[in-house]
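Residue-level structure breakdown
So you can see what is in the structure, the chains are spelled out below.
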Amino acid sequence: MADHNRPYGVGLAYRPEIHQTMMRHRHLFDMLEIAAIDYTVRGWRILNDPTEKLLREAVEHYPSCVHATSMSIGSVEDHDQGDVNRTLKLMDDHNIVSFSEHLAFHRMDGLDLKSFLPMPFDSVSVDWVARKYNAIRSRLSRPFALENVSYLVDIPDSEMDEADFLIELTRRTDCMLLLDVTNVFNNASNFGYDPYEFIRRLPGDRIEQLHIAGGHLEDGQWIDSHSAPVMDGVWGLLDETLKCTAAEVVILEKDINFLPFETISADLKKMHEIFYRNRPRQPDPGPSPSERVAPCDHPVNPIEPDNPEFADLRSFQRAMIKMITDKPYRRQVLDNPGTVQQLFPMSDKWQQRLIGCSRRHYDSMASGWRFSQRQAAERDADVKRKEWRAWSGV
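Residues numbered from 1 in each chain as written. Predicted model: local features only at pLDDT ≥ 70, side-chain atom pairs only at ≥ 80, totals over all residues. Heavy atoms only, no water.

1. Some thoughts on the layout of surface pockets
Here the second largest pocket is characterised by a volume of approximately 400 Å³. As for the second largest pocket, its lining consists of 18 residues, and the residues nearest its centre are Asn-5, Ser-98, Glu-208, Ser-288 and Ser-290. A class-by-class count of the residues in the lining of the second largest pocket yields 8 nonpolar, 5 polar and 5 charged. (1 Å grid on protein atoms, 1.4 Å probe; cavity = no way out; pocket = protein on both sides within 12 Å on 5 of 7 lines; lining within 4 Å. Points joined across faces, edges and corners; volume = space filled by probe spheres on them. Nonpolar A, V, L, I, M, F, W, Y, C, P; charged D, E, K, R; others polar.)

2. Re the pattern of salt bridges
All chains considered together, the criterion is met by 26 salt bridges. Residue Asp-363 is joined to Arg-330 by a salt bridge in which the shortest nitrogen-to-oxygen separation is 3.2 Å. Of this pair, Asp-363 sits in helix 16 (residues 359-392) while Arg-330 sits in helix 13 (residues 327-335); the two residues are 33 residues apart in sequence, bridging distant segments of the chain. Here Asp-363 falls in the partly exposed class, since its relative accessible area comes to 36%. We classify Arg-330 as buried; its relative accessible area is 4%. (Salt bridge = Lys/Arg side-chain N within 4 Å of Asp/Glu carboxyl O. Helix = DSSP H or I, 4+ residues; strand = E, 2+ residues; numbered from the N terminus. Buried < 20%, exposed > 50% of the residue type's maximum accessible area, 1.4 Å probe, protein only.)

3. Let's talk about empty space enclosed by the protein
Taking a probe equal in size to a water molecule and rolling it over the atoms shows the remaining empty space. Summed over the entire model, instances satisfying the criterion amount to 2 cavities of 30 Å³ or more. Approximately 50 Å³ is the volume found for the largest cavity. What lines the largest cavity is Leu-103, Pro-118, Met-119, Phe-121, Asn-148, Val-149, Tyr-151, Glu-162, Phe-165 and Leu-166. Reported here for the second largest cavity is a volume of approximately 40 Å³. In terms of lining residues, the second largest cavity is bounded by Leu-12, Ala-13, Arg-15, Ile-18, Met-22, Lys-254, Phe-258, Phe-261 and Ile-264. Counted by class, the lining of the second largest cavity contains 7 nonpolar, no polar and 2 charged residues.

4. Regarding helix 7 (residues 162-172)
Considered for burial, the residues of helix 7 that qualify are Glu-162, Ala-163, Phe-165, Leu-166, Ile-167, Leu-169 and Thr-170. In the core, the buried residues of helix 7 are packed alongside helix 6 (123-140), strand 7 (145-147), strand 8 (176-180), helix 8 (181-191) and helix 9 (195-201). (Contact = heavy atoms within 4.5 Å.)

5. Remarks on unusual backbone geometry
With omega at 0°, the peptide bond leading from Leu-259 into Pro-260 counts as cis. Positioned with a positive phi, Glu-52 is a non-glycine residue whose angle comes to about 65°. Mapped onto the elements, Glu-52 comes out in the loop between helix 3 (42-48) and helix 4 (53-61). We note that Ser-72 has phi near 45°; this positive angle belongs to a residue other than glycine.

6. Considering the pairing of strand 8
Within a regular strand, the side chains alternate between the two sheet faces. Within strand 8, 5 of the 5 residues are buried, which leaves it mostly tucked inside the rest of the structure. Residues of strand 8 alternate between two faces, with Met-176, Leu-178 and Asp-180 on one and Leu-177 and Leu-179 on the opposite face, all of them buried. On the question of chirality, the crossover connecting strand 7 to the parallel strand 8 by way of helix 7 is right-handed. Summarising the sheet, strand 8 and strand 9 (residues 207-213) pair through 4 bridges and their orientation is parallel. Counted as the bridge partner of Asp-180 is His-211 from strand 9. (Right-handed = clockwise from strand over helix to strand, strands pointing away. Pairing = 2+ DSSP bridges.)

7. A few points about the sheet that holds strand 8
Strand pairing in a sheet relies on backbone hydrogen bonds, with the paired strands running either antiparallel or parallel. Spatially, the 8 strands close up into a barrel ordered 1-2-3-4-7-8-9-12, and their pairing is parallel. This sheet shows a mean twist of 30° between the axes of neighbouring strands, independent of strand direction. Note: strand 1 (residues 9-14) against strand 12 (residues 249-253), 4 bridges, orientation parallel. The residue of strand 12 that forms the bridge with Gly-11 is Ile-251. Helix 10 (residues 232-244) contacts strand 8, strand 9 and strand 12 of the sheet and is inclined by roughly 170° relative to strand 9. Where helix 11 (residues 262-278) meets the sheet, its contacts fall on strand 1, strand 9 and strand 12, and the angle it forms with strand 1 comes to roughly 150°. (Axes fitted to C-alpha atoms, helices over the stretch in contact; angles between N-to-C directions.)

Now the structure itself:
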């Protein structure tokens, strides 16, 4: 049985739909990253691995960690206790201790974009995320890592830049960081900053895991689609990140276009070369990066999404998601910004930030929302067909 206490080395994001192919190529990677959604969301589990048989075989062979996409830690609303409990059960059932989530918001008022929106890089966002992180950390009984995301919208007039935002969050909590190197490449390319300088500014001792993936260019912007081979510009960043951080894990993410598997193999081989040029074959004895961090002594305050301190941030998030998912409302607000106050009262500063995001980017995010809705409808139909066949014996 694999030891999950300290995953180490080059890993691959586990996908049950290509389980047999991954097992045939098991010599190419050292560990796995399990997507929580595949096992905490009923429809995903039914379609891919209803009895968790495939997962049990995978984690028996490989040290593993769990990566979540559904908690929307940045959303100014109560967290989904059921989701957290299902995630904890998944980890306990398979003796997995390492966990990570995204530093973003994607859900408000029952609407889930299924894609990540960045937090405004403000002190109020740090305050909010710290509260929500501490509440979830308390339930999981362990510190966990937060991942930087790729974003299409750079929210105007932020108090700090993203690097300072991440630094401040590590000061306020005992969170670790999962640094997605491809997301750094994407954001630096899309918004014109130096990705090497960005990485060097971060607290390297708090970075315990790395992600890389391949994306594509669309309308002059890099999109984090996890659909292609890793871009050339990412490899140098990966090497630099390993030089200046404590990261003990680097994971290749691939969500579609799995075959031919040789394209994944080529990326894994290059990851091995870079990782083990910067790291020993076995982890150094002693505590892992997360074990070196003193437990956070901040009290676990009630989340209190209705606290007036978070009123502007909450209204901003609610309005942004409605603008993405409701085309007539989006047109109304962009043509007459004052109308946003009717549903989502906020200060003038926050109203200006909302409409400061371009119409083109809202339209792009809305297109992504419609695509995710179609995917969800198709998945639900597939689940019903599979359940019917199982019930009828056909």
